[in-house]
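Fold and contact review
Spelled out from the first residue to the last, the chains are:
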Amino acid sequence: MNDLPRISATGGCRDEPILKQRGQREVFCGLTGIIWLHRKMQDAFFLVIGSRTCAHLLQSAAGVMIFAEPRFGTAILEETDLAGLADAQAELDKVVDQLLARRTDIRQLFLVGSCPSEVIKLDLSRAAERMTEKYAPSVRVLNFSGSGIETTFTQGEDACLASMVPVLPKTDERQLLLVGALPDVVEEQAVSLLTDMGVGPIRVLPAPRADTDLGVGDNTVFALTQPFLGDTHAALERRGARHLAAPFPFGEEGTTAWLRTIAQEFGVDVETFDRVTAAPRARARKAIAQASESLRDKSVFFFPDSQLEIPLARFLTRECGMRAIEVGAPFIHKGIVGPDLDMLAQGPTLSEGQDVDLQLDRCREARPDLTVCGLGLANPLEAEGLATKWAIELVFTPVHFYEQAGDLAGLFSRPIRRAELLELEATP
Amino acid sequence: MKLTVWTYEGPPHVGAMRVATGMKDMHYVLHAPQGDTYADLLFTMIERRNHRPPVTYTTFQARDLGSDTANLFKTSLQDAYERFRPEAMIVGASCTAELIQDDPGGMSETMDIPVPVIPLELPSYQRKENYGADETFFQIVRTLARPMERTAQISCNLIGPTALGFRHRDDITEITSLLSDMGISVNVVAPMTASPADIARMGAAHFNVLMYPETAETAARWMERELDQPWTKTVPIGVGATRDFVHEVAGITGLEPRLDEERLRLPWYSRSVDSTYLTGKRVFIFGDGTHVMAAARVARDEMGFEVVGMGCYNREMARGVRALARDFGIEATITDDYLEVERVIETLQPEMILGTQMERHIGKRLGIPCAVISAPVHVQDFPARYSPQMGIEGANVLFDTWVHPLVMGLEEHLLHMFRDDFEFHDAAGPSHHGGHAPKPETPGTTVPLAAPSPRNNPDQNKEHAGGDVIWLEDAERELRKIPFFVRGKARRNTETFASERGVAEISIDTLYEAKAHYAR
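A short tour of the structure in this document, coming up. (Residues numbered from 1 in each chain as written. Chains lettered and ligands numbered in written order. Predicted model: local features only at pLDDT ≥ 70, side-chain atom pairs only at ≥ 80, totals over all residues.)

Regarding its fold elements, chain A presents 17 helices and 14 strands. The C-alpha radius of gyration computed for chain A amounts to 22 Å, which stays within 12% of the reference 22 Å derived for 428 residues, consistent with globular compactness. Structurally, chain A occupies a C-alpha span of about 65 × 60 × 40 Å along its principal axes. Within chain A, the proportion of its 428 residues that are buried is 54%. Counting only contacts in chain A whose residues sit at least 6 apart along the sequence, the fraction spanning at least 24 positions is 75%. (Helix = DSSP H or I, 4+ residues; strand = E, 2+ residues; numbered from the N terminus. Rg over C-alpha atoms; globule rule 2.2 N^0.38 Å. Buried ≥ 20, exposed ≤ 12 C-beta atoms within 10 Å, placed from the backbone. Contact = placed C-beta atoms within 7 Å.)

The structure is reproduced here in structure tokens:
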């Protein structure tokens, strides 16, 4: 069990200098996370207290992707709320009454702060406390901020999960907590692999419904499934839980390392570990080999987006044979992505934050074979002849663990294969 | 505070972006927090633009709020000018920046930017996207356009088209060619395609064609006053309106009204026998005021539909839509509340919806066919092919796109005749729409009837029948034999018929008496 993947010959990136520039950031705000969180938590409603811009963002981000009846909405602030003509707290009570009367299936209500509500200092934690008392026990009301002045894209999920930790009941049970909103199929695979090794009991945050027996305490150890959960990590440690730091479960290597960290904690023996993982590991290797054929020796450039960039760069360089030119991330939390940085060979520029115009200059100069970027940049870069992978798909598609490792490689190889496939010239 | 699930319009600064993104050599510096950059994807993804919108966001964060967001704005403005070298710039604040009151306009005046910098005041908490576009275009025109000598040949400006507009790209082509047939050249198309230098020479045109009142009426009125340019009041969507438009232009210019109708096919297609089945189809129309008013005339006069409801989401157009609805003998629905529109549609049970992408969602849920006639629209409403709404070809496009979602005439008869056929059934949908019909698991097995949606269940329908009318079981069963696309109408007519006569229970006889009563 001591064959944890090690740093490559050139040494890892953990202590490499990080390029930090300050300029325009081309990123979503944390409200975007609501789009997947509201599907994951089936009895939760997300009420953004914000402006028409917030509502428009949710719909534009969601409109590209889903058409189902949403369990989110926006309480749009109006002139009277801002001018102090109306008591914003009383107005909010009215909106929530209206909402809960219409949606009696709701058990958890999240009041989500936005840029405008933060700027006018609308106290949502007070509102949440008041409403929790009012609607107890049928509805629990929590609050977090998804504002663009405080959060970037996936940090919204972090803020949401972190808001749930303080109200979890205390438990002294020895347990494993998996943290991060994953597609159900992926979550079940992880739980089943670990269960087969004899690890348990296993619980998951966020739970699909409010009325589960999820608790936390000194005997809880937790593993993150997403690298953007810094605040949740801190909140869990405050409740006495202990973090199992590991590379993230992307690709065969990442998944094995992640599972092994947990297995070691729970004293799983080598034979059991190998017996459980051997078949899916082999499948994952095979799938990656096929899907990554067109990625070998190609270069990749990451714009900051979801905070998945460092683990994905590790996967693409080590398992798909790519060369990273720049790996940009909105934030680099070494306590969380440290193990991935250790495995990422030195060479690429690591950047944190963004001046998008300067970064575009670097990207155009480098002419990477594949650019991973947000939706605002993808088509303009394609028009300049650069193949792109829009990063948001990475948080919307099942990409974790063994059975999805080939799909993950496929997400990156498809734009390259497509560029090679299209033939629009006259027959010679 | 107002609870909103979906919104028809974005905030006003998105309207300003639509103007800037449509233009050339214009740059917009927007004081805004980082998340507001999502708006770029409206243009790069939904409209498939191959360039980033010409917008620089200051992307301030919480930690900047205590220190110096004003300086951040100044630096962004200076950097954006140096990097992009535009001919003119617009500056403004998004909703959050409006609250911190940095005054981008005032700050830009204190700086030495060597091109015109036009400040925008767009009240985010009162107004919306269309207002933002209209106001931005007006400010740009007011700053840059001046009276000047008219062109020798009679010319006009086409005003109103913006980025992200519904079919604006193709409407420009269609109207340009229509005017050219009359001997009128186009001086400037604005804001879409225009540079600030083009705006400066708008005064050379003899008159303005106001294509979209939503985005350019304020500018049209200003140019009438200051540049002495009359503007057209008719929006040439549909055959009748296009003919009216030609006459209006002839009146303004003194030219002969000329319209080349060789390619016009809507009138014949509508008269041809296959279209008989369109007669009296009950349609509900919703969208922006301009497109709704045009569509209502086309629907009633050129397609032979019955307009059972209409409305718009932009209050600026409420007066015109209300007046037209009165002419049609119906009540207008003026609201930007998606749920209210859904309620109205549920109550009216139209056979077809002409709406926006939102009504397409509603139609999908209620099983009512929908054609899109107005913004907001989605990526599939920016087709690769030439597909205008205006002029001669626009009329042809309207015929095709409105008929497409419907079940075709003969097919309708077949559905009547063979009600329980396993391939012709409710869940199958129109046969020319692939992918609608779920294949039976094993060939030969009967497809079960589509599960009744919660909105179709008799208990609920009793409520909005407007009385205590009860459907007896055999009548309910008979009703179910009526094909799905007319069932709503049959149910509604029967209930109205029954409650008007004080009949409390609907039997098979009531059903057929009502059918005879409403026969046409």
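Assigned secondary structure in chain B consists of 22 helices and 15 strands. The buried share of chain B, taken over its 520 residues, is 48%. The contacts in chain B between residues at least 6 apart in sequence include a share of 70% that link residues at least 24 apart.

Here we take up the sheet that holds strand β3 (residues 72-76) of chain A. Taking strand neighbours across the sheet as the criterion, the five strands line up as β5(A)-β4(A)-β2(A)-β3(A)-β1(B) in an open arrangement whose pairing is mixed. Since the sheet does not close on itself, it has two edges, and those belong to β5 (140-145) of chain A together with β1 (2-4) of chain B, each with one partner. Averaged over neighbouring strand pairs, the angle between their axes works out to 25° when direction is ignored. Summarising the sheet, strand β2 (residues 44-50) of chain A and β3(A) pair through five bridges and their orientation is parallel. Bridge assignment links Val48(A) to a residue of β3(A), and that residue is Thr74(A). In this fold helix α6 (residues 124-135) of chain A packs onto β2, β4 (108-113) and β5 of chain A, with an angle of close to 170° to the strand it touches most, β5(A). (Pairing = 2+ DSSP bridges. Axes fitted to C-alpha atoms, helices over the stretch in contact; angles between N-to-C directions.)

One broad rule of soluble globular proteins: the nonpolar side chains tend to lie buried together. The biggest cluster of nonpolar side chains holds 257 residues, and the ones touching the most others in it are Leu47(A) and Ile285(B). Dropping the residues within four chain positions of it, Leu47(A) is found in contact with Gly73(A), Ala75(A), Val96(A), Leu99(A), Leu109(A), Phe110(A), Leu111(A) and Val112(A). Core analysis: the next-biggest nonpolar cluster, separate from the first, contains seven residues, Val469(B), Phe497(B), Ala498(B) and Leu511(B) among them. (Core = buried A, V, L, I, M, F, W, Y, C linked by C-beta atoms within 7 Å.)

Before going further, it helps to spend a moment on the interface of chain B and chain A. On the side of chain A, 51 residues touch chain B, which itself brings 45 residues to the contact. Where the side of chain B that touches chain A is concerned, the elements lending two or more residues are β1, α2 (40-46), β3 (55-57), α3 (62-65) and α5 (95-100) of chain B. Take the side of chain B that touches chain A: its biggest share by element is five residues, from α2(B). Grouping the constituent residues of the side of chain B that touches chain A by class yields 19 nonpolar, 18 polar and eight charged. Here β3(A) pairs with β1(B) via three bridges, running antiparallel. (Nonpolar A, V, L, I, M, F, W, Y, C, P; charged D, E, K, R; others polar.)

Looking now at the packing of helix α11 (residues 239-253) of chain B against helix α13 (residues 289-302) of chain B. Residues and elements named next belong to chain B. Where α11 meets α13, the axes come as close as 8 Å, and the angle between the chain directions of the two elements is 115°. Packed against α11, whose contacting residues are Val239, Gly240 and Ala241, the element α13 presents Ala294, Arg297, Asp301 and Glu302 at the interface. Residue composition of the contact of α11 with α13, by class: three nonpolar, one polar and three charged.

In this section: unusual backbone geometry. In the segment running from Gly200(A) into Pro201(A), the intervening peptide bond is cis, with an omega of -5°. With respect to the element layout, Pro201(A) can be found in the loop between α8 (184-196) and β7 (202-205). The linkage connecting Ala190(B) with the following residue, Pro191(B), adopts the cis geometry, with an omega of 0°. With respect to the helices and strands, the residue Pro191(B) is situated in the loop between β7 (185-190) and α9 (196-200). Of note, the phi angle at Asp297(A) is positive, near 65°, even though the residue is not glycine. Structurally, the position occupied by Asp297(A) is in the loop between α11 (270-291) and β10 (299-302). You will see that Phe401(A), though not glycine, has its phi angle at about 70°, which is positive. Its location among the elements puts Phe401(A) in the loop between α16 (392-396) and α17 (405-421). The buried category is assigned to Phe401(A), around which 26 C-beta atoms lie within 10 Å.

All names here are of chain A. For β4, a buried count of six out of six residues is recorded, marking the element as mostly surrounded by other parts of the structure. Of the two faces of β4, the one carrying Gln108, Phe110 and Val112 and the one carrying Leu109, Leu111 and Gly113 are both buried. Note that β2 and β4 share six bridges and pair parallel. Counted as the bridge partner of alanine 44 is glutamine 108 from β4.

Residues and elements named next belong to chain B. Most of strand β6 (residues 155-159) sits out of view: four of its five residues are buried. Sheet topology places β6 next to β7; five bridges connect them, and they run parallel. Looking at the pairing, serine 155 lines up with serine 185 of β7. Viewed along the sheet, the connection from β6 through helix α8 (residues 168-181) into β7 turns out right-handed. The pairing of β6 with strand β8 (residues 207-210) spans four bridges and is classified as parallel. From the neighbouring strand, asparagine 157 faces β8, where its bridge partner is asparagine 208. (Right-handed = clockwise from strand over helix to strand, strands pointing away.)

What follows concerns helix α4 (residues 69-84) of chain B. All names here are of chain B. When the terminal C-alpha atoms of α4 are compared, their 22 Å separation across 16 residues agrees well with the 22 Å that a helix rising 1.5 Å per residue should span. Every buried residue of α4 is accounted for by Phe73, Ser76, Leu77, Ala80 and Tyr81. Looking straight down α4, one finds that the buried residues subtend no more than 125° of arc, so they occupy a single side. (Expected span 1.5 Å × (residues − 1). Arc of directions from axis to C-beta.)

We now examine the sheet that holds β7(B). Residues and elements named next belong to chain B. Strand order in the open sheet formed by three strands is β7-β6-β8, and the pairing between neighbours is parallel. Whereas interior strands pair on both sides, the edge strands pair on one side only; in this sheet they are β7 and β8. The average undirected angle you get between the axes of adjacent strands in this sheet is 30°. Across the sheet, α8 touches β6, β7 and β8, and the angle it forms with β7 is around 160°. Packing of helix α10 (residues 213-226) onto the sheet brings it into contact with β6 and β8, and relative to β8 it is tilted by some 160°.

On to the environment of Thr347(B). All names here are of chain B. Along the chain, the position of threonine 347 falls in helix α15 (residues 338-348). Threonine 347 sits in the partly exposed class, given 13 other C-beta atoms within 10 Å. Separated by 295 residues in sequence, threonine 347 and arginine 52 have C-alpha atoms that sit 43 Å apart.

Residues and elements named next belong to chain B. Where α8 meets helix α17 (residues 391-403), the axes come as close as 7 Å, and the angle between the chain directions of the two elements is 135°. With respect to each other, α8 and α17 are oriented oblique. Contacts between α8 and α17 involve Asp171, Glu174, Ile175 and Leu178 from the first element and Gly391, Glu393 and Gly394 from the second. A breakdown of the residues in the contact of α8 with α17 according to their chemical character gives two nonpolar, two polar and three charged. (Parallel < 35°, antiparallel > 145°, perpendicular 65-115°, else oblique.)

What follows covers the environment of Leu358(A). Residues and elements named next belong to chain A. Note that leucine 358 resides in helix α14 (residues 356-366). Accessibility expressed as a C-beta count within 10 Å gives 16 for leucine 358, which makes it partly exposed. With 334 residues separating them along the chain, leucine 358 and glutamine 24 place their C-alpha atoms 9.4 Å apart. The residues contacting leucine 358, other than those within four sequence positions of it, are Gln21 and Gly23.

Here the focus is the environment of Leu122(B). All names here are of chain B. Secondary-structure assignment places leucine 122 in the loop between β5 (117-119) and α7 (129-144). When the C-alpha atoms of leucine 122 and threonine 136 are compared, they prove to be 8.5 Å apart, with 14 residues separating the residues in sequence. In contact with leucine 122, other than residues within four places in its own chain, are Pro12, His13, Ala16, Gly92, Arg127, Gly132 and Glu135.

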